[in-house]
Amino acid sequence: MDAANPLLSVDRLTIDIGGANVVDDISFTVAPGKVMALVGESGCGKSLTSYAMLGLLPPAAIRTAGRIMLENTDLAALSERQFRKARGKDISIIFQEPSASLDPLTTVGSQIAEAYRVHHGVSKAEAYEKARQMLVDVGIPDPTRRLDQYPFELSGGMCQRIMISIALICGPRVLVADEPTTALDVTIQAQILDLMKKLVADRGTAIVLITHDMGVVADIADDVAVMYAGRIAEIAPVHDLFRQPKHPYTALLLASVPKLDDAPKADLATIEGTVPTPNEFGVGCRFTERCPLATDKCRTEQPPLFDCGGGHRSACWHIDRLAEIHEVAA
Amino acid sequence: MSDHKNVLEIRDVAVHFGGRGGLLGKSGPVVKAVNGVDLDIARGETVALVGESGCGKSTLSNTIVGLQAPISGSVRISGDEVVGANRRQLNDIRRKVQMIFQDPALSLDPRSTVGATIGEPLIVRGVARGRALKERVATLLQQVGLRPEHADRYPHQFSGGQRQRVVIARALALEPDLLICDEPVSALDVSVRAQILNLLVALQKRTGVSYLFVSHDLGVVRHICDRVVVMYLGRFVEMADRDTFFANPKHPYTKALMSAVPEADPEVQRAKQRFILSGELPSPSNIPSGCAFHTRCPLATEICLKERPELTPRADGARVACHHA
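Note that the structure is a prediction, hence the values are computed from the model and not measured. (Residues numbered from 1 in each chain as written. Chains lettered and ligands numbered in written order. Predicted model: local features only at pLDDT ≥ 70, side-chain atom pairs only at ≥ 80, totals over all residues.)

Undergrad: Would you take a moment to explain the interface of chain B and chain A for this structure?
TA: Interface size is commonly expressed as the accessible area that is lost once the parts come together. Counting from both sides, the interface comprises 33 residues of chain B and, opposite them, 35 residues of chain A. Counting residues per element, the ones that place at least two in the side of chain B that touches chain A are helix H7 (190-207), helix H8 (218-224), helix H10 (252-260) and helix H11 (266-271) of chain B. In terms of residue count, the dominant contributor to the side of chain B that touches chain A is H7 of chain B (8 residues). Considering only residue class, the side of chain B that touches chain A consists of 15 nonpolar, 10 polar and 8 charged. (Contact = placed C-beta atoms within 7 Å. Helix = DSSP H or I, 4+ residues; strand = E, 2+ residues; numbered from the N terminus. Nonpolar A, V, L, I, M, F, W, Y, C, P; charged D, E, K, R; others polar.)

Undergrad: Can you help me understand the domain arrangement of chain A in this one?
TA: Per the domain assignment, the segments making up chain A are domain 1 (93-171) and domain 2 (243-329). Distance between the C-alpha centres of domain 1 of chain A and domain 2 of chain A: 42 Å. (Domains from an automatic or database assignment.)

Undergrad: I keep staring at helix H5 (residues 124-137) of chain A and nothing clicks. Help me out?
TA: Side chains three or four residues apart in an α-helix point the same way, a direct result of the helix having 3.6 residues per turn. Residue and element names in this part refer to chain A. The terminal C-alpha atoms of H5 lie 20 Å apart, and with 14 residues this matches the ideal 20 Å at 1.5 Å per residue to within 8%. Those residues of H5 not exposed but buried are Ala127, Lys130, Ala131, Met134 and Leu135. Looking straight down H5, one finds its buried side chains confined to an arc of 145°; they lie on one side. In this structure, H5 carries Ala125, Gln133 and Val136 as exposed residues pointing more than 90 degrees from its buried face. In this structure, the buried residues of H5 make contact with helix H4 (108-120), helix H6 (143-147) and helix H7 (156-168). (Expected span 1.5 Å × (residues − 1). Buried ≥ 20, exposed ≤ 12 C-beta atoms within 10 Å, placed from the backbone. Arc of directions from axis to C-beta.)

Undergrad: Where do I start with the pairing of strand E6 (residues 97-100) of chain B in this structure?
TA: For a regular strand, side-chain orientation follows a simple rule: the groups alternate between the two sheet faces. All names here are of chain B. Here E6 shows no split at all, with Val97 and Met99 on one side and Gln98 and Ile100 on the other all buried. As paired elements, E6 and strand E7 (residues 178-182) share 4 bridges and run parallel to each other. What sits directly across from Gln98, in E7, is Leu179. (Pairing = 2+ DSSP bridges.)

Undergrad: Where do I start with the pairing of strand E8 (residues 210-215) of chain B in this structure?
TA: All names here are of chain B. Judged by how many residues are buried, E8 sits mostly within the fold: 6 of 6 residues are covered. Alternating residues of E8 divide into Ser210, Leu212 and Val214 and Tyr211, Phe213 and Ser215, and every residue in both groups is buried. Two strands pair when backbone bridges link them, and E7 and E8 are joined in this way by 5 bridges, in the parallel orientation. Considered in E8, the bridge of Asp182 is made with Val214. The parallel pair E7 and E8, bridged by H7, forms a crossover whose chirality is right-handed. (Right-handed = clockwise from strand over helix to strand, strands pointing away.)

Undergrad: Before we go on, may I ask you to explain the nonpolar core in this structure?
TA: Among soluble globular proteins, nonpolar side chains are generally buried collectively. Formed by 193 residues in total, the largest nonpolar core has its most connected members in Leu209 and Val224 of chain A together with Val50, Phe213 and Val229 of chain B. It is H7 of chain A that provides the largest number of residues to this core, a total of 8 residues. When residues of this core are assigned to domains, at least three map to each of domain 1 (93-171) and domain 2 (243-329) of chain A. Residues within four places of Val229 of chain B in sequence aside, it is in contact with Leu39, Val47, Ala48, Leu49, Val50, Phe236 and Met239 of chain B. (Core = buried A, V, L, I, M, F, W, Y, C linked by C-beta atoms within 7 Å.)

Undergrad: Looking at this model, I keep getting lost on the sheet that holds strand E9 (residues 223-228) of chain A. Mind explaining?
TA: Backbone-to-backbone hydrogen bonds join strands into a sheet, with any given pair of strands oriented parallel or antiparallel. Residues and elements named next belong to chain A. Spatial ordering of the open sheet is given by E6-E7-E8-E3-E9-E10-E12-E11, a layout of 8 strands whose pairing is mixed. Both edges of this open sheet fall to strand E6 (91-94) and strand E11 (306-307), since each of them pairs with a single strand only. Against the sheet, H7 contacts E6 and strand E7 (174-178), and its axis sits at roughly 170° relative to E6. (Axes fitted to C-alpha atoms, helices over the stretch in contact; angles between N-to-C directions.)

Undergrad: So what exactly am I meant to see when it comes to the packing of helix H6 (residues 160-172) of chain B against H7 of chain B here?
TA: Helix-helix packing: each pair is described by the crossing angle between the helix axes and the interaxial distance. Residue and element names in this part refer to chain B. Here H6 crosses H7 at 20°, and the two axes come no closer than 10 Å. As summarised for this structure, H6 and H7 are arranged roughly parallel, according to the angle between their axes. Crossing handedness for the pair H6 and H7: right-handed. Across the interface between the two elements, Gly160, Gly161, Gln164, Arg165, Ile168 and Leu172 from H6 touch Val192, Gln195, Ile196, Leu199 and Leu203 from H7. Of the residues belonging to the contact of H6 with H7, the class tally is 6 nonpolar, 4 polar and 1 charged. (Parallel < 35°, antiparallel > 145°, perpendicular 65-115°, else oblique. Left-handed = near helix turned anticlockwise from the far one by under 90°.)

Below, the structure is given as structure tokens:
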């Protein structure tokens, strides 16, 4: 990770809902042109973390500590008025379901152009020309005709390209992508992931990618933070994480995905039990109840993120006993 | 269970929608969702049906259980014809074929206890009542890894994975020959998926039930299936047993699907030969001439525009519909 020169740095972010720390002390950084993946299962806090970056937290969720620094600006401290200027221009977001994010009654051209006019105050014609160029950049054929179409006339993959156009037309430095390909078919997912890789390379945009799909992470991420029950369990450069996971949760998660060389119908490694709800969070490690390595210490003391070298950090008291996990999984 | 060798025999099934005049008199285009497919599933076998949205896999599933009438063809469940069956016959057939869906929360009645939900098919069929019913429900719950006392709880008291277990228990209550699983683990968290896949494998070993496993996740398909069928715009384009299929995929669409599914390993994934399709699935109301895949196929030549390739057998036993593969 380019820790020396981060574009975005989330620093000890903590978010409460009803008194429970649903996002607890999250820190990570993203450099320009890099992809940071936040991975985890439902309820791990990955989406709340991303909404906090855009100032889009629901009213019940309160940021109680931490900063979100985009270069020298603390996004978390912006007023709603200031945020309106930042959103789209400095930091943008795309969501899982593109058809739910677009206005069904407005042509896609005017939706893309609107995003540009809000921040640049140019004429309609100029904004439309910008929108047309943007459609070329995201690989939409016949852009002039597409500008006049409505979202229902476009496929899911096409709508996601429109969303990406809206998000990127003002050239933000950070793009938050919340499960951007989950609702798409696999051949279309491959197209969209390739497009995102190209945009990162061409424009130097930093991407924070929220996903639950380890395959997507393996394809596009530079760094990965594995989240569990509101905390970062492990954070590492992508190759290190897959080659040598240092947290029992990550190790089991990777082992539970069917592999190329598995015997057919052989038992897959499983993680017993389910993710705890916020009112079940204990004082110690939140993975304790499902962890084969758990001891009394895990129940009573929260493990800090231990530095394992090379940007690899893991919040586990028993990193030295991880070989046992590989036996359980095998 | 009956002793007919194949639990499912589909012959030349076609399902079309629309085409008749609508409310305002104008007749719409005919949507050709399924266009003449043949498929057998043997007892105890798991066949995967793979394809993208709009390929017709859900329509085919619905046709198999008699929820959708085909315009032609035959569907036999353990020897009994589904097409043209009257209500009473369908009732008998449906006890031999059951279906589970992607989102267990939508498949369960939030106001019924799971015990009532699992027991309902048994009451409807007059299989069990009173104490015998209670015992049967308890056994079913244990078979899917839940506890007998869970019978008194409601769906909202369970996690997603547990709800899918309840759905599976209900589907198995009548000991069907065939279970159609429509993306059964797609809505579940990764750590829970493996639990449900292990359960499906274990139940098959114990009961000999056959699965038609509809999925887009080739990793899961490779893990759980004996045979794979790939569907594109209403037709099968490739059909092979698992090892042949994954070792030597032949149809360009199959290759594209395989290269599109990201492997959960950055080394493998980033070294992989990419074969990315341009364009999107054409509309099933306007299927391209000749080979329906020619609009997106990198191998397409003139013959592909004119002649539709038939599913033909290859040396290794695979059957492929392609002029060039």
